[in-house]
Every structure is written in structure tokens, then in C-alpha cells.
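As a plain string of letters, each chain reads:
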Amino acid sequence: MTMKKIAWKSVIFTCSNKSKSSSLPESDIIDKQVVKQLASFQRLSLSDLSNPSSPLSADDLSNSVIGSKLHVFTLAELRIVTANFSRSNMLGEGGFGPVYKGFVDDKMKPGLKAQPVAVKALDLDGLQGHKEWMAEIIFLGQLRHPHLVKLIGYCWEDEHRLLVYEYMARGSLENQLFKRYSAALPWSTRMKIALGAAKGLAFLHEEDKPVIYRDFKTSNILLDADYTAKLSDFGLAKDGPEGEETHVITRVMGTQGYAAPEYVMTGHLTTMSDVYSFGVVLLELLTGKRAMDNTRSGREQSLVEWARPLMKDPRKLERLIDPRLEGQFSSTGAQKAVALAYKCLSHHPKPRPSMSEVVKALESLQDFQDSFVGPFVYVVPNENDSKENFAKGKEVTRIKEKDSSEENGQRNHVSWRHRVKLPMSMITYSDSGLYKKFVHSLNSPNHHKEKGRDK
Ligand SMILES: Nc1ncnc2c1ncn2[C@@H]1O[C@H](COP(=O)(O)OP(=O)(O)OP(=O)(O)O)[C@@H](O)[C@H]1O
Ligand SMILES: [Mg+2]
């Protein structure tokens, strides 16, 4: 059954002339009236709000159910907040544009909690644009969860598009994990981060209308002062299949090294594509190595390709776990974490666990203490073992090979997200050569051998 789409005009409502920055405390901004409105509406999708014949305006957005939950800032206000977007306030820069630290309080907006914020500004010459900005507002404006970064507000003035988030004191997992001159993240912290991020993804997948995140990677996992992980960046997020549909077909987009093979090959997108990306991030946490590394040769540039044989051979496992841990981890915990990553990275989506199963598995790994274990033995589970270990979950995670919808009419076109080069950041870029190599490796005899074992 296909859910009826709601035209955005029908969901716009006026907050009884009450400004969004009313005198309510921030936590009460969604007043009872709004909550009622939200309850009676399905969560809105990007497509609900994109009507080419009648495009949404800034006023429409701020008067909508979504806009009512968020503070609307002026560009002048955000200039003040970020010391005129000064370089010294810059936290980083991704494909969307630069991100600045700032501070807001109720002098700026009544009811706004005094707090540090991160202000992300759309690079007007950049590769991302209004659609990604809008996706962020539509998803994060409606979804609230302890493991999703909180969107506080936005600015839409002329061509300017900005987003204001809660500030995450430890920045991205990418920076924390791959920073050269700092202590390695302890094992228990890595497991805590994996669990937090898994809970964020599980929440998205279990929504009445599931959300496929599509860009799960270390740079999109932000960390609080206490290493609580929160997902950011919903620019590529997509509403999952509804009713009897089992997957959506999309233009392949994402970040090289993280995208699931079936998605890259066919454009078929399911929640299982996120599970594969989760497996890549878990592998990065276990190995301390980046998903893509141009200093490795050939197909081993991909962490998964490099790690797969090591994950299957217990004698080589020592080579797999991050040497920076210097043996400070529980051997049982490590065995289980590698087995879980292996499962998530199955070539085929079916054997992958659902994210709620991943959460359960990771919860059981939280109590293993960091302790020196030296070499350890690891046994790769077979399919039957893991079926017992992972009770099967929600309908949406079961994949039937049936097309349900076509987006843009474009298939087999791959767009990798472009990143701006920063000292600490990983470079991911459009590289059709590497992609061809990746596709070739999937079709190689070795791949089929592995595929066979995967079943
Ligand atoms: N809410 C936040 N709190 C603290 N730092 C942040 C926040 N949001 C982003 N940052 C910092 O800004 C950097 C850039 O983030 P952004 O999401 O724009 O790009 P990215 O994830 O690095 O790249 P991509 O465009 O591929 O998503 C992050 O790596 C992080 O260091
Ligand atoms: Mg990002």
C-alpha cells in the first residue's frame, strides 16, 4: 500500500500569531498544540515539501509544523554568534560548507537556552545545496533522539542557507579516531561510541516511516564531552520503503568505502545498506584504519577488502586490531565485535543483522573491561550460528528482490560526496577509476569465492 502524499500547503499552519521564538523555555517550544498537530500528521518527507510548481518559501517553512520546532535566525544574528564567521571559530569544513563555533542565549531568542552551538553555512560555490539543507531541516526538525544531533534552528535569507546545531565538544569520530598526536581511544570508549551510533541508526530504521541514513561514516558521527555518539548530516537521508515496497531505487550517492556493494551495483537502497556502512565504521573502530586509504595498494585501498581475509583467519587477527590499543582490550569482546562487523559486512544484504540486533550485540559488549590480553583466538561464525544469535527483526529489514520506485530515472550512476581537504579530514572524492576497480573486484573470481562463503 502506498501512503498518500501530503502537499506541503496542507501542513502549513499558523502558530496563532505566536512567534517561534516565544517566551517558552526551549524544551517547551513544541507546545501542546504543535504536538497534537504532529501526532495527527505523518512525518513529512522531502517530497511532501517539494512542489516544483509552487516552491516552498522561507515564510512557508517557518510557518510549517517543522519550522515551528526550530528557531529562525537572521544572518546578522549568526554573524554575531560566530564573531563574523571568523577563521578562529571554524570547527571544520565538509561538502556542505564551513562549520563555526558560536554561543547563543535567550537575549538573542526568548526561550533559547544559553549554550554553545555549531553553525554550518552553505558554501554558495559548493557541491551541495538547497536540497541537502532542506533534507537536514525536514529530518532533524522532526526526529528527536539522544543519538541524533539536535538541530536548534536555521537561517534562510536570500541565497544564504545556514543550520544551527547543538555543539558537540569532541567533534567528529573521524578526528578522534585518526588524530595523529593524541592518545588512542580506549577499547571501552570505542564500544560506547559504536553502541551510541548503532542506537541512532536503529531509531531511524524503526520509525513508522523508516529513514535510510545513506551517509553513515566516521565524520558524520559527532561526540559529546562524554563520548556520547550522535548522528549528524541528513543531507542524503531518504525515506525508506513503505507498505509492501521493499526497497527504493536511487541515484547512488554516499561516500566511497562505506557504500554497500548491492547499492553501488544496482542502486537498490534498503536499511541494510546502512547496516553495511555501520560494519565499515565498526571495522574502523576496531582497526584504527580509514575506510579508504590511498597508500594501500590496489583493491586493498578499501579497508573492507584489506580486512576481510584477516577477519576470516584467526591467526591473522592480531594484525587486524588497532596496534595503538597495545593489547588493552578484552579478548572475548574483540572476538564478538569482529564477528559482528563481519556479519554487517556480508556481501549480500540478507545475512546482515538489523540495527536493533546490532544494538543488542553491542550492549552485551559494554561490560568487557580494557585489559591486556595479548594474542587471542577468534572464530568466524557461520551463518547458522549467527541466525541463532540474532533474532530476526522488523519487516522493513527483510529484503525481497522487488522494485518499488524509481528516483530520477537514473540508475547505476554513482555520486560520491565531495569533501574539502582539511588537515585532519579524510579525502573522499568522485573517482570513476576507483569505482570501476571496485565494481571489477566485485565481479572478480575472488569476489565470487567470498560471496559463496558468505551464504
Ligand atoms: N554540531 C557540531 N559540533 C561540533 N563540531 C561539528 C558539529 N558539526 C560539524 N562539526 C565539525 O565540522 C566538521 C565538518 O562537518 P560536516 O558535517 O560539514 O562535514 P563532514 O562530515 O566532514 O563531510 P561531509 O560533507 O562528507 O559530510 C566535522 O568533521 C566536525 O569536526
Ligand atoms: Mg558530515
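Caption draft 1: Structural detail: the overall build of the chain. Counting its secondary structure elements, the chain contains 18 helices and 14 strands. Taken over 455 residues, the chain has a buried fraction of 56%. At a minimum sequence separation of 6, the contacts of the chain that also span at least 24 residues come to 73%. Approximately 19,900 Å² of the chain is accessible, and the part contributed by carbon and sulfur atoms is 52%.

Caption draft 2: View of the coordination of the magnesium ion (ligand 2). Taken together, N220 (OD1) and D233 (OD) make up the protein donors of the magnesium ion (ligand 2), found 1.8 to 1.9 Å from the metal. Of this pair, N220 sits in the loop between strand 7 (211-212) and strand 8 (221-223) while D233 sits in the loop between strand 9 (229-231) and strand 10 (238-239); the two residues are 13 residues apart in sequence, bridging distant segments of the chain. With relative accessibility at 3%, the residue N220 sits in the buried group. Judged by its relative accessible area of 15%, D233 falls in the buried class.

Caption draft 3: Focus on the packing of aromatic side chains. Applying the stated rule across the entire model yields eight aromatic pairs. With 6.2 Å between their ring centres and 70 degrees between their planes, Y213 and F216 make a pair best called edge-to-face. Across this residue pair, the class does not change: Y213 and F216 are buried. Ring pairing ties together the aromatic residues F139, Y213, F216, F234 and F278, which thus form one cluster. One cation-aromatic arrangement involves K101 over Y167; the distance from NZ or CZ to the ring centre is 4.3 Å. The ring of W133 carries the charged tip of R161 above its face, separated from the ring centre by 5.5 Å.

Caption draft 4: Representation of unusual backbone geometry within the structure. Phi at R214 takes a positive value of approximately 70 degrees, unusual for a residue other than glycine. Structurally, R214 can be placed in the loop between strand 7 and strand 8. Even without being a glycine, E326 presents a positive backbone phi close to 50 degrees. Along the polypeptide, E326 turns up in the loop between helix 13 (317-320) and helix 14 (331-344). Classification of E326 by relative accessible area gives exposed; the value is 63%.

Caption draft 5: Spotlight on the pairing of strand 5 (residues 151-157). Counting buried positions along strand 5 yields six of seven residues, so the element is predominantly enclosed. Bridge count for strand 1 (residues 71-72) against strand 5 is two bridges, and the pairing is parallel. Opposite V72, over in strand 5, you have Y154 as the bridge partner. For strand 5 and strand 6 (residues 160-166), the ladder comprises six bridges, and the chain directions are antiparallel.

Caption draft 6: Representation of the sheet that holds strand 4 (residues 115-121) within the structure. As summarised here, the arrangement of the six strands in space is 1-5-6-4-3-2, forming an open sheet in which the pairing is mixed. The sheet is open, and its two borders are formed by strand 1 and strand 2 (90-93), each paired with just one other strand. Where helix 7 (residues 130-142) meets the sheet, its contacts fall on strand 5 and strand 6, and the angle it forms with strand 5 comes to roughly 145 degrees.

Caption draft 7: Here's a closer look at helix 15 (residues 355-363). Three or more residues of helix 15 are buried, namely M355, E357, V358, V359, A361 and L362. Against helix 9 (187-206), helix 11 (271-287) and helix 14 lie the buried residues of helix 15.

Caption draft 8: Structural view of the pairing of strand 4. The buried count for strand 4 comes to six of seven residues, which makes it a mostly enclosed element. Here strand 3 (residues 98-104) runs beside strand 4; their pairing, made up of six bridges, is antiparallel. Across the sheet, F103 pairs through a bridge with P116, a residue of strand 4. In the sheet, strand 4 pairs with strand 6 via five bridges, with the strands oriented antiparallel. Pairing of K120 across the sheet is with L163, part of strand 6.

Caption draft 9: Geometry of the nonpolar core. Counting 93 residues, the largest nonpolar core has L204, I221, L231, F278 and L362 as its most contacted members. The biggest single contributor to this core is helix 9, with 11 residues. Built from parts of two domains, this core gets at least three residues from each of domain 2 (71-166) and domain 3 (173-363). Those residues within four positions of L362 in sequence are excluded, and the remaining contacts are M191, A194, L195, A198, F278 and L340. Judged by nonpolar contacts, the second largest core, of 15 residues, contains F85, V119, A121 and L162.

Reading guide: rules and limits
- Residues numbered from 1 in each chain as written.
- Chains lettered and ligands numbered in written order.
- Predicted model: local features only at pLDDT ≥ 70, side-chain atom pairs only at ≥ 80, totals over all residues.
- Heavy atoms only, no water.
- Helix = DSSP H or I, 4+ residues; strand = E, 2+ residues; numbered from the N terminus.
- Buried < 20%, exposed > 50% of the residue type's maximum accessible area, 1.4 Å probe, protein only.
- Contact = heavy atoms within 4.5 Å.
- Areas by Shrake-Rupley, 256 points an atom, 1.4 Å probe, with all protein chains shown as cover.
- Donors = N, O, S within 2.8 Å, 3.2 Å for Na, K, Ca; no water.
- Phe/Tyr/Trp six-rings, centres within 6.5 Å; stacked < 30°, edge-to-face > 60°.
- Lys NZ or Arg CZ within 6 Å of the ring centre and 35° of its normal.
- Pairing = 2+ DSSP bridges.
- Axes fitted to C-alpha atoms, helices over the stretch in contact; angles between N-to-C directions.
- Core = buried A, V, L, I, M, F, W, Y, C linked by side-chain atoms within 4.5 Å.
- Domains from an automatic or database assignment.

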